[in-house]
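# Inside the fold
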There are 2 protein chains.
Amino acid sequence: MGEHRLALCSQHYPEWIIQQTQETIRKYKMFNPSDRILVAVSGGKDSLTLWDVLFKLGYSVDGIYINLGIRGESDYSNRSETYCQSFAASRGLKLQTVNISEKYGESISEMSYRKMRSQEKPCSVCGLLKRYVLNKTASDGKYDVIVTGHNLDDEAAILLANTLEWKSEMLRRQSPVLPAEMGFTRKTKPFCRFYERETAAYALIQGIDFIEEECPHSENSKQLFFKNILNGWEIEHPGRKFQFYATFLNARKDGLFTEITRESPRFNDHCCPNCGQPTTSVELCAFCRLIKDPADAKK
Amino acid sequence: MGEHRLALCSQHYPEWIIQQTQETIRKYKMFNPSDRILVAVSGGKDSLTLWDVLFKLGYSVDGIYINLGIRGESDYSNRSETYCQSFAASRGLKLQTVNISEKYGESISEMSYRKMRSQEKPCSVCGLLKRYVLNKTASDGKYDVIVTGHNLDDEAAILLANTLEWKSEMLRRQSPVLPAEMGFTRKTKPFCRFYERETAAYALIQGIDFIEEECPHSENSKQLFFKNILNGWEIEHPGRKFQFYATFLNARKDGLFTEITRESPRFNDHCCPNCGQPTTSVELCAFCRLIKDPADAKK
């Protein structure tokens with residue numbers, strides 16, 4: 001599979017995925033068996049597969065599902081939540097859900113429409129909101145680490161986007177592990193070395209039910225554009241997607257980039273006067289400025 | 001034109017190219033009116049256009065043509081030389097030619113075949129040889145600076161190749177100006193901000209005769225592969241090729257990369273015991289190891 005070009009049967013393939021995940025956790029010092037882990041699940045194949053693999057490896061992992069209130073033709077968010085609920089129930093695992101509409105009075109689509117009518121997609125608002133809720137849930141629940149199901153295709157696409165636009169701060173920070181700092185919980189990506197098709201194959205072989213549909217907003221998204229470039233490149237040169245990501249991590253480890261400077265926004269060490277979460281703003285944080293009634297952030 | 005989206009008539013377009021070239025020379029401190037300049041010409045549109053523009057700007061510029069002995073169906077190298085000779089003669093400019101077969105006993109194709117039979121293309125051997133001859137000619141002739149006709153499409157393709165493979169040393173060094181160091185003459189690229197179609201338009205409007213054919217070895221070359229990726233990207237997002245290159249130069253200027261370390265091969269400050277040119281090797285330089293009879297390097 002992938003850069004390994006292995007041929008494994010349906011018995012040994014899941015074992016290989018589990019063992020490779022443990023190897024990635026070890027290689028990047030992601031977490032220890034004693035850590036309390038919070039996995040962000042979307043109902044899709046990557047995050048549910050990740051939860052399954054970490055559970056089988058014996059880690060202590062609770063899940064969080066953020067219901068963004070995206071409806072589309074298929075009632076996307078509610079259906080995704082059902083997949084997460086069934087997965088957790090079938091394995092006796094603990095799942096928290098945060099319903100954005102109920103907690104903050106508006107769905108992500110409504111927030112996005114109110115804030116930026118000129119823009120079509122709520123993706124940037126959605127990213128901000130998910131980062132906030134995820135970090136606050138981890139912090140309130142005293143978790144040691146947040147894990148997400150980002151795979152190699154995701155990471156390579158983000159890297160390509162950051163590279164083609166030479167976003168210095170993003171290039172310095174992109175990593176399988178973002179260390180804890182200033183009120184932010186450590187974040188890790190144990191699937192960063194798996195191709196998307198590899199996690200999909202695991203989910204199919206193990207019979208994990210997941211939502212196959214993509215988010216209705218993802219069509220023609222910027223990330224898809226970069227994924228297509230990489231897929232074209234991969235077809236002409238198999239293994240190059242992995243090499244692109246791996247050589248980047250090596251170049252960074254070997255000191256290609258200068259350190260983040262004190263001038264970086266990340267070093268403005270404030271807490272939001274409303275919600276108390278860390279922020280780079282000197283006034284209300286971006287989240288409290290986003291939601292309709294900032295008082296809801298104190299709940 | 002290009003990222004500027006200008007509409008200029010055939011009278012003002014050449015003036016715009018000339019003025020923009022002077023602006024690039026000034027912006028990157030490439031050279032002064034008192035410098036003696038050596039332009040490397042291939043007979044193609046970029047290098048002859050560059051010679052024409054620098055001549056019109058009043059700089060003191062001699063040309064050098066390296067005849068590599070590539071024949072193909074069209075007697076490629078000899079025909080290219082004819083274009084350079086006619087160009088120089090029509091303007092009363094001085095052109096030196098170095099005929100590789102006559103000076104070193106073999107054409108580039110023969111050298112390449114002798115050294116690396118398993119590889120199809122002589123491109124890497126050709127690059128080594130051109131860099132050597134260019135630098136030796138500049139050094140022997142006491143020129144202050146070498147200029148080459150690399151355009152934005154060339155530079156962006158080289159950058160993309162170096163980036164997708166995260167070649168740290170190449171990323172640190174890629175620049176419109178390579179300063180003089182350890183026996184190497186300064187090298188500059190005054191056309192690095194022009195799209196290929198912009199230099200082509202100048203050549204056509206000014207009636208510069210150039211060889212339209214590409215080198216017979218360039219087909220399916222690695223550089224073409226990266227140019228195709230960038231062209232696809234440019235079609236979807238006009239101006240992005242320029243932005244990719246310009247944001248890279250800005251990020252570098254703003255200190256994204258660490259300095260070249262003392263361990264870098266560039267810091268092995270030797271001279272070749274045979275030809276006396278600077279080299280990173282402790283024995284014969286790569287050029288003296290390439291040619292059939294190293295005694296020829298002393299001529």
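Note that this is a predicted model, so its numbers are computed, not measured. (Residues numbered from 1 in each chain as written. Chains lettered and ligands numbered in written order. Predicted model: local features only at pLDDT ≥ 70, side-chain atom pairs only at ≥ 80, totals over all residues. Heavy atoms only, no water.)

## Focus on the overall build of chain A
From N to C terminus, chain A includes twelve helices and eight strands. For 299 residues, the compact-globule estimate of 2.2 N^0.38 gives 19 Å, and the C-alpha radius of gyration of chain A, at 19 Å, lies within 12% of that figure. In terms of principal-axis extent, the alpha carbons of chain A reach across some 55 × 45 × 40 Å. In chain A, which comprises 299 residues, the proportion classed as buried is 52%. Considering only intrachain contacts with a sequence separation of at least 6, the fraction spanning at least 24 residues in chain A is 72%. Accessible surface for chain A amounts to roughly 14,300 Å². Of this, 49% is attributable to carbon and sulfur atoms. Computing the positive centroid from 40 side-chain charges and the negative centroid from 38, chain A places the two 4 Å apart. (Helix = DSSP H or I, 4+ residues; strand = E, 2+ residues; numbered from the N terminus. Rg over C-alpha atoms; globule rule 2.2 N^0.38 Å. Buried < 20%, exposed > 50% of the residue type's maximum accessible area, 1.4 Å probe, protein only. Contact = heavy atoms within 4.5 Å. Areas by Shrake-Rupley, 256 points an atom, 1.4 Å probe, with all protein chains shown as cover. Lys, Arg positive; Asp, Glu negative; His and termini not counted. Charge placed at Lys NZ, Arg CZ, Asp CG, Glu CD.)

## Examining the relation of the copies chain B and chain A
Both copies of the chain are related through a single rotation about an axis accompanied by a shift along the same axis. The two copies are related by a screw operation: chain B maps onto chain A through 179° of rotation and 0.0 Å of translation along the axis, at an RMSD of 0.0 Å. With respect to symmetry, the two chain copies, as superposed, fit the operation of a two-fold axis. Residue B:Phe257 of chain B places its C-alpha closer to the rotation axis than any other residue of that unit, at 2.2 Å. Mapped onto chain A, 100% of the interface residues of chain B are again interface residues, and the two copies thus contact each other with one and the same surface. (Least-squares fit on C-alpha atoms with pLDDT ≥ 70 in both.)

## Looking at the packing of helix α10 (residues 222-236) of chain A against helix α10 (residues 222-236) of chain B
Running from amino to carboxyl end, α10(A) crosses α10(B) at an angle of 155°, the nearest separation of the two axes being 12 Å. On the basis of the axis angle, α10(A) is roughly antiparallel to α10(B). For the element pair α10(A) and α10(B), the recorded crossing hand is right-handed. When α10(A) is examined against α10(B), the residues A:Phe225, A:Phe226, A:Ile229, A:Trp233 and A:Glu236 are found in contact with a partner set consisting of B:Phe225, B:Phe226, B:Ile229, B:Trp233 and B:Glu236. In terms of residue class, the contact of α10(A) with α10(B) is built from eight nonpolar, no polar and two charged. (Axes fitted to C-alpha atoms, helices over the stretch in contact; angles between N-to-C directions. Parallel < 35°, antiparallel > 145°, perpendicular 65-115°, else oblique. Left-handed = near helix turned anticlockwise from the far one by under 90°. Nonpolar A, V, L, I, M, F, W, Y, C, P; charged D, E, K, R; others polar.)

## Considerations on the pairing of strand β1 (residues 36-41) of chain B
Residues and elements named next belong to chain B. Extensive coverage of β1 is indicated by the burial of five of its six residues. Regarding topology, helix α2 (residues 45-56) serves as the crossover connection from β1 to the parallel strand β2 (residues 60-67), and that connection is right-handed. Here β1 pairs with strand β4 (residues 145-147) via three bridges, running parallel. Bridge pairing links Ile 37 to Val 145 in β4. (Right-handed = clockwise from strand over helix to strand, strands pointing away. Pairing = 2+ DSSP bridges.)

## Focus: the interface of chain B and chain A
Across the boundary between the two partners, chain B contributes 24 residues, which contact 24 residues of chain A. On the chain B side of the contact with chain A, B:Leu164, B:Trp166 and B:Leu256 bury the most area, a combined 34% of that side's loss. Applying the counting rule to chain B against chain A returns two salt bridges. Note that A:Arg240 and B:Glu165 form a salt bridge whose closest N and O atoms lie 2.8 Å from each other. At the surface where chain B touches chain A, the tally comes to ten residue pairs in polar contact (both at pLDDT 80 or more). Along the lines of polarity and charge, the residues of the side of chain B that touches chain A split into 14 nonpolar, six polar and four charged. (Buried area = accessible area lost by both parts, 1.4 Å probe. Salt bridge = Lys/Arg side-chain N within 4 Å of Asp/Glu carboxyl O. Polar contact = N/O pair within 3.5 Å; in protein donor to acceptor, adjacent residues only side chain to side chain.)

## Examining the sheet that holds β2(B)
All names here are of chain B. Taken together, six strands build an open sheet; the order of strands is β3-β2-β1-β4-β6-β5 and the sheet is mixed. Across the chains shown, the open sheet's two edge strands, defined by having one partner strand only, are β3 (95-99) and β5 (177-178). Examined bridge by bridge, β1 and β2 share six bridges and lie parallel to one another. Bridge pairing links Leu 38 to Asp 62 in β2. Those strands touched by α2 are β1, β2, β3 and β4, and its axis lies near 155° from that of β1.

## Some details on the nonpolar core
Core analysis: the biggest nonpolar cluster contains 48 residues, and A:Trp166, A:Phe244, B:Trp166 and B:Phe244 have the highest contact counts within it. For this core, the secondary structure elements donating two or more residues are α7 (152-164), α10 and α11 (240-253) of chain A together with α7 (152-164), α10 and α11 (240-253) of chain B. Contacts of A:Phe244, omitting those with residues within four sequence positions, involve A:Ala156, A:Leu159, A:Leu160, A:Thr163, A:Leu230, A:Trp233, B:Thr163, B:Leu164 and B:Trp166. Core analysis: the second largest hydrophobic core is formed by 33 residues, A:Ile17, A:Leu48, A:Val147 and A:Ala203 among them. (Core = buried A, V, L, I, M, F, W, Y, C linked by side-chain atoms within 4.5 Å.)

## Describing the confidence of the model for chain A
One rule of thumb: low pLDDT means the predicted coordinates there are not for detailed reading. On average, residues of chain A carry a pLDDT of 90, and 93% of them reach 70 or more. Confidence estimates for the predicted assembly give a pTM of 0.87 and an ipTM of 0.82. (pLDDT = per-residue confidence, 0-100.)

## Notes on the side chain of A:Asn99
Residue and element names in this part refer to chain A. Following the sequence through the fold, Asn 99 ends up in strand β3 (residues 95-99). Within the structure, the side chain of Asn 99 is placed 3.2 Å from the backbone nitrogen of Ser 101, a separation counted as a polar contact. In this structure the side chain of Asn 99 is engaged in a polar contact, spanning 3.1 Å, whose partner is the backbone nitrogen of Glu 102.

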